[in-house]
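# Structural description and commentary
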Amino acid sequence: MNRIPSVSLRGGADADAAAASAPPPDPAALARWARAFCVIRFDLERGQLVEACYPPDALAAAGGGGLDRLVAFSSFPDSMSHHLPRHRSSVHDSLFSFRVPDPSSPRRAFLYGFVFNRQRQDERLPRGGEQKSVVILSHAPYSSLFRLLLQILGPLCFDVGPSALAMVASHVAAWPAPAPGRPMELPIGSAALRVHLPPAADDPGPPPALLPANPSVPYGLFHDADLFAAFRGLLLHLWTLWELMVVGEPVLVVAPSPAQCSEAVAGLVSLVAPLLYSVDYRPYFTIHDPDFARLNALAEGEVFPPMVLGVTNLFFLKSLKSIPNVVAVGSPNPNSTRVLPVGGQSPGNGTNGTPGKLKLDKLAINKFSPTSLLNSIKLRREGPLSLMTEHKEALWSTYAPTTKPDTSVLNRLIDAGVSPRIEESMSVVNNEILRRHFLELTTNFLAPFGPYLRTTTPSEGSSPFVDPPLLPPFHVDEFVNGLAARGPGKFLSKRMRSNWLDLYRRFLEGPNFMPWFRQRRAAAEQEQQRLWRQARINVDIEKLMSKMSELERIDSFNAVERYLLREMEQNSGRGNADSVAACQKLKEDLQAAFSVLPKDVQQLLLSNPKRAVLLQGGQEKAPGANGIVTQTSL
């Protein structure tokens, strides 16, 4: 089950006719959302070929880095994937995604590909069928949007041909600029795509000590990934997988199809929200990826780099055998998302297909039998290479987890019984349960870092015209010692073993901590500057200075002037209403502070021409030598 945003119809106008008469899309406006729209064909003689692309030079303009070839090879099921049985229907469609290095970027950047793949069986065709893929290539990981757009663009390309690419591109170019972290309604023909974009990469998300009230709001990437469907056969291992992602361990995800492996990788990345996941991940990784040669050349005993790779080619089990964590997910039957226990019985306890609770004994948490023990020992002894003969959902890992599976969460999950009609709605409910729990788990895990990210505001009656205090310095040893003395907190103490402090040590040493902490630290400093700026705008300067000594008033005048000049410099040329209002308020405060200063100090200050200009407008000249200002109207 792939959860997607809703579509609302907007009348019955023919979208194709409107698009055909539309002017060519603005390239800059289109680039805000997508790099390219492609149709890729699998040719029996020549392999994968880019049949059509819009804009026409989008792939060729990538600096000669072979982006066209990389995208083409990433857009089809791998040639050595699990054998797929013949489908009952003559057409089989699937959606999946990939992530590849951007050869046109001077720094290490990535492009996201979203694929609508169609396999059509027809005995009249050579070898009995054909394969084509429609691809949206973007710099943005907006999976919830592009997967829905593909459900429109994909069938349209097969119905009207490659001209559909330009038609859809014209609609996309007319969209407003992306608003990360906010809901948007984006028109496409006679429909509107309602999506809630994930936050931007530099958006820190909610404070670590604050649990978001609404788990449906995306606080990280791939919030639309179907956790329950992807890991239904491995629910007890979700807490171990969460730890592997938190500490940045390398993970190989093996699945029978690109759709299943890309969904599982997206689910893993989303599992640690709102933590910024800084490890390289590939929802669908093939041997044609430029990084494969480097990984394949790792010497025996060499540490595998932190990566999460989703693969279907079983060759990777041998070529990447040094990877310490392998998880096999999904069902070999591409038309089934359900995982039934041995014997074909439904794991639900409902009757006639009615939903019921998932039984923990079905998850093998409370149930023991000699057969299950022998199967477990055999699975562990054979290792991931056992997947070469038969695909089975399992986790092989040398990692010793700290977090225990939460049986209260598992007990709340609902099974749909044998009725496919209610399968999707039950999966939505289960996803919300799982997401809420892991959001709460991650938030509580990050909560001890809260004091190092806590902002302050001026205390009552104090002056906001001073530099705000610095955030507390962070020292690893001091943090660990303090955390050991305080304990993990009530929430984590119930869910973690006695070695819980080791998890924090691994996190601090892993690849995710420092990027996340620096980002949160910068965001906290920026937020503190905003709060103090707002306090300066709101302060009653006359009331504040009435309680000051003469020396304090002079210092305050200098501070107001300093912040006014800073505000003018930072907002030079912007002219937005907020900056104009802030400058006007600070000018008025500067004049008010000037008015209560001694006359000799006023004359000294006005000897500076730039300062005199700042004070101009609120002054009135009184009779005096050389017209020197000796009185104010403030």
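Presented here is a report on the structure given in the accompanying data block. (Residues numbered from 1 in each chain as written. Predicted model: local features only at pLDDT ≥ 70, side-chain atom pairs only at ≥ 80, totals over all residues. Heavy atoms only, no water.)

### Observations regarding the pairing of strand β5 (residues 110-121)
To keep it simple, the criterion reads: Each residue's exposure class comes from its accessible area (1.4 Å probe, protein chains only) as a fraction of the maximum for that residue type: buried when under 20%, exposed when over 50%, partly exposed otherwise. A run of H or I in DSSP counts as a helix once it spans at least four residues, and a run of E counts as a strand once it spans at least two, with each numbered from the N terminus. Here a strand pair is declared whenever DSSP counts at least two bridges between the two strands.
Within β5, 10 of the 12 residues are buried, leaving the element largely enclosed by the surrounding structure. Relative to β5, strand β4 (residues 91-101) runs antiparallel, the two being bridged by 11 bridges. Across the sheet, V100 pairs through a bridge with L111, a residue of β5.

### As for the packing of helix α4 (residues 143-160) against helix α5 (residues 163-173)
What counts, and what does not: Lines fitted to C-alpha atoms define the axes here, with helix axes fitted over just the stretch in contact, and angles between the N-to-C directions of these axes take values from 0 to 180 degrees. By definition, any crossing whose near helix is turned counterclockwise from its far helix by less than a right angle is left-handed, and any crossing with a clockwise turn is right-handed. The contact definition used throughout considers only heavy atoms, calling two residues in contact when any of these lie within 4.5 Å. All amino acids are sorted into three groups, where Ala, Val, Leu, Ile, Met, Phe, Trp, Tyr, Cys and Pro are nonpolar, Asp, Glu, Lys and Arg are charged, and the leftover types, Gly among them, are polar.
The interhelical angle for the contact between α4 and α5, taken along N-to-C directions, is 150°, at an axis separation of 8 Å. Note that α4 runs across α5; the crossing there is right-handed. Contacts between α4 and α5 involve L149, L153, L156, C157 and V160 on the former and, on the latter, S163, A164, L165, M167, V168 and V172. Broken down by class, the residue content of the contact of α4 with α5 amounts to 10 nonpolar, 1 polar and no charged.

### Details of the packing of aromatic side chains
Ring pairs (aromatic) are described by centroid distance and by the angle formed between their planes. Spelled out, the test is: For this analysis, a ring pair means two rings from Phe, Tyr or Trp (six-membered ring only for Trp) whose centres lie within 6.5 Å, classed as stacked if their planes differ by under 30 degrees, edge-to-face if by over 60, and tilted for the remaining angles. Any Lys NZ or Arg CZ that is within 6 Å of a ring centre and within 35 degrees of that ring's normal is treated as a charge sitting over the ring.
Applying the stated criterion across every chain yields a total of 36 aromatic pairs. Aromatic side chains F449 and F507 sit 6.0 Å apart centroid to centroid with 70° between the ring planes, which places their arrangement in the edge-to-face category. Of the two residues, F449 sits in the loop between α13 (423-446) and α14 (476-486) while F507 sits in helix α16 (residues 500-509), which places them 58 residues apart along the sequence. F507 shares its class with F449; the two are buried. Geometrically, the ring pair formed by F474 and F513 is tilted, given 5.6 Å between the ring centres and 40° between the ring planes. Note that F474 is positioned in the loop between α13 and α14 and F513 in helix α17 (residues 513-538), a separation of 39 residues in sequence. Taking NZ or CZ as reference, R118 lies 4.5 Å from the ring centre of F158, over its face. Sitting over the face of the ring of Y563, R536 holds its NZ or CZ atom 3.8 Å from the ring centroid.

### What about the sheet that holds strand β10 (residues 280-282)?
The sheet built from 5 strands is open, its strands ordered β10-β11-β9-β12-β14 with mixed pairing. The open sheet is flanked by β10 and β14 (394-397), the only strands paired with a single partner. Pairs of neighbouring strands in the sheet enclose a mean axial angle of 10°, with direction left out of account. Relative to strand β11 (residues 307-311), strand β9 (residues 251-254) runs parallel, the two being bridged by 4 bridges. Across the sheet, the residue bridging to V251 is V308, located in β11. Those strands touched by helix α7 (residues 238-247) are β9, β11, β12 (325-328) and β14, and its axis lies near 45° from that of β14.

### A short note on α14
Counted only if it meets this: The arc in question is traced by the directions running from the helix axis to the C-beta atoms.
Turning to α14, its buried residues are F479, V480 and L483. In an axial view of α14, the angular spread of the buried residues amounts to 95°, which keeps them on one side of the axis. Those residues of α14 that are exposed and angled more than 90 degrees off the buried face are D477, N481 and A485. Looking at the buried residues of α14, the elements they touch are α16.

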